[in-house]
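Examination of the molecular architecture
Each chain, letter by letter, is given below.
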Amino acid sequence: MIDFKNYNLPDDSGHFGEYGGSYVPETLVPALNELESAFTTAWKDDGFHSEFDDLLKNYSGRPTPLYFADKLSSDLGGAKIYLKREDLGHTGSHKINNTLGQALLAIRMGKKRIIAETGAGQHGLAVATVAAKFGLNAVVYMGRKDTIRQSLNVRKMKLLGAEVIPVDSGSKTLKDAINEAIRDWVTNVEDSFYMIGSVVGPHPYPLMVRNFQRIIGLEAKKQFDEAEGSTPAALVACVGGGSNSIGLFHPFLSTDAKLYGVEGGGEKLELGNHSASLSEGSPGVLHGSLSYILQDSNGQISPAESIAPGLDYPGSGPEHSYLKDCGRVQYSSVSDTEALNAFKLLSRTEGIIPAIESSHAIAKLIQIATDYKKSDGIIVCLSGRGDKDFSEEVSNGE
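Here the structure is a predicted model, which means the values were calculated and not measured. (Residues numbered from 1 in each chain as written. Predicted model: local features only at pLDDT ≥ 70, side-chain atom pairs only at ≥ 80, totals over all residues. Heavy atoms only, no water.)

Turning next to empty space enclosed by the protein. Under the defined criterion, the tally for this structure stands at five cavities of 30 Å³ or more. Considering only enclosed or pocket space, the largest cavity measures out at about 350 Å³ in volume. Lining of the largest cavity is provided by 29 residues; of these, His 94, Lys 95, Ala 120, Gly 310 and Leu 311 occupy positions nearest its centre. Contributing elements (two or more residues each) for the lining of the largest cavity: strand E5 (113-118), helix H5 (122-134), helix H8 (174-187) and helix H11 (243-249). Size it by volume and the second largest cavity reaches roughly 60 Å³. Breaking the lining of the second largest cavity down by element, the ones donating at least two residues are helix H1 (29-43) and strand E8 (192-194). Residues belonging to the lining of the second largest cavity are distributed by class as follows: eight nonpolar, one polar and two charged. (1 Å grid on protein atoms, 1.4 Å probe; cavity = no way out; pocket = protein on both sides within 12 Å on 5 of 7 lines; lining within 4 Å. Points joined across faces, edges and corners; volume = space filled by probe spheres on them. Helix = DSSP H or I, 4+ residues; strand = E, 2+ residues; numbered from the N terminus. Nonpolar A, V, L, I, M, F, W, Y, C, P; charged D, E, K, R; others polar.)

What follows is the structure, given as structure tokens:
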């Protein structure tokens with residue numbers, strides 16, 4: 001049994017048990033070593049934390065509220081539902097937490113050019129935002145398919161001064177955008193900073209992004225205690241790469257709260273038709289680390305599919321893989337249809353339009369709410385707002 005009261009992973013080599021590590025071209029090893037050294041030094045520096053905390057408060061608008069959804073709680077007939085409102089932060093999602101932290105690192109390291117990838121566009125928007133604020137040049141790679149279904153965020157990124165490069169290779173989604181971003185980084189490693197948007201990739205990215213996102217769970221823990229005088233019975237968050245979920249879960253690992261990670265089940269749970277790498281995949285190497293991924297019998301990466309572009313990725317972070325194997329987090333998926341129904345339910349019960357990614361967490365909540373007593377509390381991470389998702393496919397389901 002894992003002692004989560006003394007949990008201190010990853011180890012010095014960037015491993016969470018067998019997962020994680022750094023499987024990269026030799027040309028990137030010095031850059032990763034430089035990044036790890038810069039992050040380690042910054043994380044021990046009170047001045048860095050003071051600047052980071054000030055930006056989170058006065059620029060991003062933290063703390064975000066923990067909102068008691070009384071009507072949704074009543075409609076579902078089970079536990080008391082609280083929503084951690086990351087959708088109310090600057091740029092409309094949790095992504096700004098990570099990009100502010102990484103921007104401060106880039107500046108410390110003397111990097112003036114930022115490379116990033118994006119799927120739903122929320123990370124790309126957050127990258128473009130911090131680049132504009134700090135006077136950095138931003139290049140954002142985005143799958144052609146995602147530039148079409150997330151066109152509003154593309155327009156916002158361009159307005160902020162970022163160069164958005166559509167990617168036409170592969171499935172034209174997030175995996176392919178990451179491939180192109182890494183190619184750019186290998187070519188321009190001396191003057192460019194790769195700003196990964198989730199807890200994926202080679203060490204130290206999974207550690208670094210998690211630490212920047214832990215503010216979600218730290219706030220939620222304090223806010224729930226102030227509201228209820230206790231610990232929540234459960235927490236629910238969507239999982240693509242997994243940054244909003246690990247940010248919420250990590251401060252609660254040592255508690256008795258049950259943790260639910262919810263992946264994109266797509267149209268059906270057949271390889272190539274979903275994005276449920278943790279609940280349906282197997283261990284393998286993708287984008288520089290070992291984790292659960294979607295792969296065929298020959299070890300080739302399978303296409304991922306989800307109505308939510310932010311979940312449309314054939315892998316997840318190595319810490320999630322570790323938490324799956326040790327049983328601390330229960331990972332499952334919901335279908336596109338279930339997510340759409342949840343999207344409409346929250347909109348019509350609470351007047352809150354969630355991102356289609358976050359709607360996956362609401363769909364799981366609908367399934368489990370009555371498993372808990374009315375005196376229990378469940379926190380759901382509302383990782384983003386839904387204005388980006390008003391395609392005909394999402395919003396026209398009357």
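Of the pockets and cavities examined, the largest pocket occupies roughly 210 Å³. Lining the largest pocket we find 14 residues, and of these Glu 36, Phe 39, Thr 40, His 203 and Leu 207 sit closest to its centre. Looking at the lining of the largest pocket, the elements with two or more residues in it are H1 and helix H9 (205-213). Sort the elements by how many residues they give to the lining of the largest pocket and H1 lands first, with four residues. Roughly 170 Å³ of internal volume is contained in the second largest pocket. Lining the second largest pocket are ten residues, and of these Glu 267, Glu 305, Ser 306, Ile 307 and Asp 336 sit closest to its centre.

Time to look at H1. The first and last C-alpha atoms of H1 sit 21 Å apart over 15 residues, in line with the 21 Å expected at 1.5 Å per residue. For H1, the complete set of buried residues consists of Ala 31, Leu 32, Leu 35, Ala 38, Phe 39 and Ala 42. Within H1, the buried residues cover an arc of 130 degrees as seen down the axis, which keeps them to one side. Tucked into the core, H1 has its buried residues touching helix H2 (46-58), helix H4 (95-108), H8, E8 and H9. (Expected span 1.5 Å × (residues − 1). Buried < 20%, exposed > 50% of the residue type's maximum accessible area, 1.4 Å probe, protein only. Arc of directions from axis to C-beta. Contact = heavy atoms within 4.5 Å.)

Note on placement: Glu 51 falls in helix H2. On the accessibility criterion, Glu 51 (42% relative accessible area) is partly exposed. Spatially, the C-alpha atoms of Glu 51 and Leu 104 are 8.5 Å apart, while their sequence positions differ by 53 residues.

Attention now moves to the sheet that holds strand E4 (residues 80-85). Spatial ordering of the open sheet is given by E3-E4-E14-E9-E10-E13, a layout of six strands whose pairing is mixed. Of all strands in the sheet, those with a lone pairing partner are strand E3 (66-68) and strand E13 (329-334), marking the two edges. Averaged over all neighbouring strand pairs, the angle between strand axes comes to 25 degrees, with direction disregarded. Here strand E9 (residues 234-238) runs beside strand E14 (residues 377-382); their pairing, made up of three bridges, is parallel. For Leu 235, the partnering residue across the bridge sits in E14 and is Ile 379. The strands touched by helix H10 (residues 215-228) within the sheet are E3, E4 and E14, with E4 carrying the most contacts at an inclination of about 140 degrees. (Pairing = 2+ DSSP bridges. Axes fitted to C-alpha atoms, helices over the stretch in contact; angles between N-to-C directions.)

Attention now moves to the side chain of Arg 328. Structurally, the position occupied by Arg 328 is in the loop between helix H13 (318-325) and E13. Although buried, Arg 328 forms no salt bridge, and the nearest oppositely charged side chain, Asp 256, lies 6.6 Å from it. Setting aside residues up to four positions removed in sequence, Arg 328 forms contacts with Phe 4, Phe 252, Leu 253, Thr 255, Asp 256, Ala 257, Lys 258, Leu 259 and Leu 323. (Lys, Arg positive; Asp, Glu negative; His and termini not counted. Salt bridge = Lys/Arg side-chain N within 4 Å of Asp/Glu carboxyl O.)

Turning our attention to unusual backbone geometry. Most peptide bonds take the trans form, and the phi angle of most residues other than glycine is negative. Note that the residue after Leu 9, namely Pro 10, is joined by a cis bond; omega there is 10 degrees. Among the secondary structure elements, Pro 10 is positioned in the segment before strand E1 (15-16). Here His 203 and Pro 204 are connected by a cis peptide whose omega angle stands at 15 degrees. Position of Pro 204 relative to the elements: it lies in the loop between E8 and H9. Backbone geometry at Thr 91 places phi at a positive 80 degrees, although glycine is not the residue there. When you line up the elements, Thr 91 lands in the loop between E4 and H4. Accessibility expressed as a relative area gives 8% for Thr 91, which makes it buried. At Lys 172, a residue that is not glycine, the phi angle is positive and equals roughly 60 degrees. Looking at the element boundaries, Lys 172 is found in the loop between strand E7 (163-167) and H8. Since its relative accessible area comes to 34%, Lys 172 is described here as partly exposed.

Once that is clear, we can look at the pattern of salt bridges. Close approach of charged atoms lets side chains of opposite charge pair. For the coordinates displayed, the defined rule picks out 22 salt bridges. With a shortest N-O distance of 2.8 Å, Arg 85 and Asp 87 are connected by a salt bridge. Linked by salt bridges that have partners in common, Arg 62, Lys 84, Glu 86 and Glu 219 make up one network.

Spatial ordering of the open sheet is given by E7-E6-E5-E8, a layout of four strands whose pairing is parallel. Of all strands in the sheet, those bounded by a partner on one side alone are E7 and E8. Recorded for the sheet is a direction-independent mean angle of 25 degrees between the axes of neighbouring strands. Bridge analysis of E5 against E8 gives three bridges, and the strand direction is parallel. By the bridge assignment, Ile 115 is partnered in E8 with Tyr 194.

So far we have only geometry, and geometry alone does not tell us how the molecule works.
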